[in-house]
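# Analysis of the macromolecular model
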Amino acid sequence: MASNVKPLSIIYNQKSGFHAAQQDEEYERLMTFWTQYGFEIQVFELSSQASFDEMMRQVLARHQQSGLRGVVVAAGGDGTLNAVAKKLMHTDIPMGIIPLGTFNYVARVLNIPLDVFQAAEVIATGAIQKIHIATINDQIYLNNASLGLYPLFIQKRERYNRRLGRLPLNAYTSGLDVLLREHKSLKLAITVDGHKYPVATPLIFFGNNQLQLSDMKLRIAECAASGKLAGVVVAKSDRLSLLKMLWKLIQGKIDQASDVYSFCAEQIQVDCKKPKLTVALDGELVEMQTPLKFSVEKSALKVMVPHAAPSV
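Scope of this entry: the structure provided in the associated data block. The written sequence of each chain sets the order in which its residues are numbered from 1. For a predicted model such as this one, the threshold for reporting local features is a pLDDT of at least 70, and the threshold for listing and counting side-chain atom pairs is 80 or more; totals across whole chains, interfaces and linings nevertheless cover every residue. Side-chain descriptors were evaluated using all non-hydrogen atoms of the structure, hydrogens and water having been removed beforehand.

### Some details on a negative patch on the surface
A patch is a set of surface residues, each over 30% in relative accessible area and not in a salt bridge, joined within 9 Å for like charges and within 5 Å for the nonpolar side chains Val, Leu, Ile, Met, Phe, Trp and Tyr. Shrake-Rupley sampling with a 1.4 Å probe provides the accessible areas, and residues are treated as covered by the protein chains on show and by no other component. Salt bridge, as applied in this entry: a Lys or Arg side-chain nitrogen positioned within 4 Å of an Asp or Glu carboxyl oxygen. Think of it this way: Lys and Arg go in the positive column, Asp and Glu in the negative one, and His and the chain ends go nowhere. By convention, the point assigned to a charge is CZ for Arg, NZ for Lys, CD for Glu and CG for Asp. Taken together, the side chains of Asp-24, Glu-25, Glu-26 and Glu-28 make up a negatively charged region of the molecular surface. Judged by relative accessible area, which is 40%, Asp-24 ranks as partly exposed. Note on classification: 1.4 Å probe, protein chains only; a residue is buried when its accessible area is under 20% of the maximum for its type, exposed when over 50%, partly exposed between these limits.

### Side note on the pairing of strand S1 (residues 6–13)
The helix and strand labels rest on DSSP assignments: H or I over at least four residues marks a helix, E over at least two residues marks a strand, and numbering proceeds from the N terminus. Across the 8 residues that make up S1, a large majority, 6, are buried. Here, any two strands with at least 2 DSSP bridges between them count as paired. With 8 bridges connecting them, S1 and strand S2 (residues 39–46) associate as parallel partners. Among the inter-strand pairings, Asn-13 is bridged to a residue of S2, identified as Leu-46. Pairing between S1 and strand S3 (residues 71–76): 5 bridges, direction parallel. Bridge pairing in S3 links Tyr-12 to Ala-75.

### Observations regarding the packing of aromatic side chains
Pairing of aromatic rings covers Phe, Tyr and the six-membered ring of Trp, with a centre-to-centre limit of 6.5 Å; geometry is then stacked below 30 degrees between planes, edge-to-face above 60, and tilted otherwise. Following the criterion strictly, the structure yields 5 aromatic pairs and no others. In this structure an aromatic cluster arises from ring pairing among Tyr-141, Phe-206, Phe-263 and Phe-294. The rule is short: NZ of Lys or CZ of Arg within 6 Å of the ring centre and within 35 degrees of the ring normal puts a charge over the ring. One Lys or Arg, Lys-6, reaches over the ring of Phe-39 and ends 4.3 Å from the middle of that ring. Over the ring of Phe-117 we find Arg-29; its NZ or CZ atom is 3.8 Å from the centre of that ring.

### With respect to the state of the cysteines
When two cysteine sulfur atoms are found within 2.5 Å, that pair is recorded as a disulfide. In total, this model carries 1 disulfide according to the counting rule given. A sulfur-sulfur distance of 2.1 Å marks the disulfide that ties Cys-223 to Cys-264. Here the disulfide of Cys-223 and Cys-264 is right-handed, its torsion about the S-S bond being about 90 degrees. One end of the pair, Cys-223, is in helix H9 (residues 221–225); the other, Cys-264, is in strand S12 (residues 260–265), with 41 residues separating them in the sequence.

### What about the sheet that holds strand S7 (residues 144–148)?
If you walk across this open sheet you meet the 6 strands as S12-S11-S10-S7-S14-S15, and the pairing is antiparallel. At either margin of the open sheet sits one strand with a lone partner, and together these are S12 and strand S15 (284–289). Geometrically, the sheet is characterised by an average inter-axis angle of 25 degrees between neighbouring strands, direction not taken into account. Of the strand pairs in this sheet, S7 and strand S14 (residues 276–281) are connected by 2 bridges, and their pairing is antiparallel. Opposite Ser-146, over in S14, you have Ala-280 as the bridge partner. Between the N-to-C directions of two axes lies an angle of 0 to 180 degrees, each axis being a line fitted to C-alpha atoms and, for a helix, fitted only over the stretch in contact.

### What to know about unusual backbone geometry
Between Thr-290 and the following residue, Pro-291, the backbone shows a cis peptide bond with an omega angle of 0 degrees. Among the structural elements, Pro-291 can be located in the loop between S15 and strand S16 (292–305). With a phi angle near 50 degrees, Asn-137 is a residue other than glycine that sits in the positive phi range. Counting through the fold element by element, Asn-137 comes out in the loop between strand S5 (127–136) and strand S6 (139–141). According to the relative accessible area criterion, Asn-137 is partly exposed, its value standing at 33%. The backbone of Ser-299 shows a phi angle near 50 degrees, a positive value even though the residue is not glycine.

### Things to note about helix H3 (residues 78–88)
Across the 11 residues of H3, 9 count as buried, placing the element largely inside the fold. Looking only at H3, the buried set comprises Asp-78, Gly-79, Thr-80, Leu-81, Asn-82, Ala-83, Val-84, Ala-85 and Leu-88. One or two steps after H3, the chain reaches His-90, where phi turns positive at roughly 65 degrees.

As structure tokens, this is what we get:
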């Protein structure tokens with residue numbers, strides 16, 4: 001690689017259609033655009049978890065061997081961004097974002113355009129901003145982590161997506177479907193900044209994205225913006241209470257729902273008698289060993305953003 005050429009590595013999910021045959025013309029236009037800004041481009045397909053670690057070792061080596069760090073671009077939904085961000089944390093290599101998901105909360109909170117070519121321009125000409133990353137054991141979440149019914153929402157939503165396409169409405173439809181069928185409680189002990197609370201809950205939700213929390217009309221959005229852990233716990237598991245909660249969520253009044261409590265903390269630990277729990281991390285399901293330890297890594301990731309983007 002020439003000393004004056006910057007490496008640009010694109011990590012994309014094969015399910016996102018980033019390099020689909022019917023989009024060859026747009027794809028070539030994108031490659032040409034970045035080349036004009038002095039980038040040497042290499043594309044990596046994120047197709048299997050088994051090979052992801054090795055692929056990212058190749059990507060990181062490519063950038064670390066260059067005098068110019070360049071940009072590692074994550075092209076996909078928030079699950080793809082999560083996987084790439086975890087590898088780029090605490091490095092001096094910035095992450096670029098091509099948002100191709102359903103909600104694209106990470107891109108939106110950073111004012112990154114949802115249009116592919118406008119997002120590409122931000123990668124080429126934008127500014128570097130450091131953002132906070134929430135962690136849970138050895139995993140991270142850029143948007144949210146959740147236990148209980150929410151992982152079931154994710155499973156049901158993916159079934160709707162496969163049948164009907166990726167529509168935002170599917171998130172609410174799948175939520176209603178799960179609430180009508182499942183309403184079991186998890187028996188947990190939650191330690192919030194050293195204070196321990198026994199909880200029986202069908203759903204506990206941790207947010208790291210103030211835009212998503214603001215969209216849900218939760219006051220703890222400011223908590224996430226300041227680099228703290230933002231949590232929501234539901235205290236009742238009967239079907240009627242859960243349906244009322246879902247209706248309040250749809251109305252944007254979840255903070256007014258009875259038996260829904262929000263909290264803000266620096267450190268959180270979730271204990272359970274079960275040795276493992278299913279956790280939804282940025283829309284991906286992960287089996288994790290208990291206890292679950294939550295914290296926030298401050299300013300841990302560099303991201304290419306438009307000039308004068310908001311602080312997160």
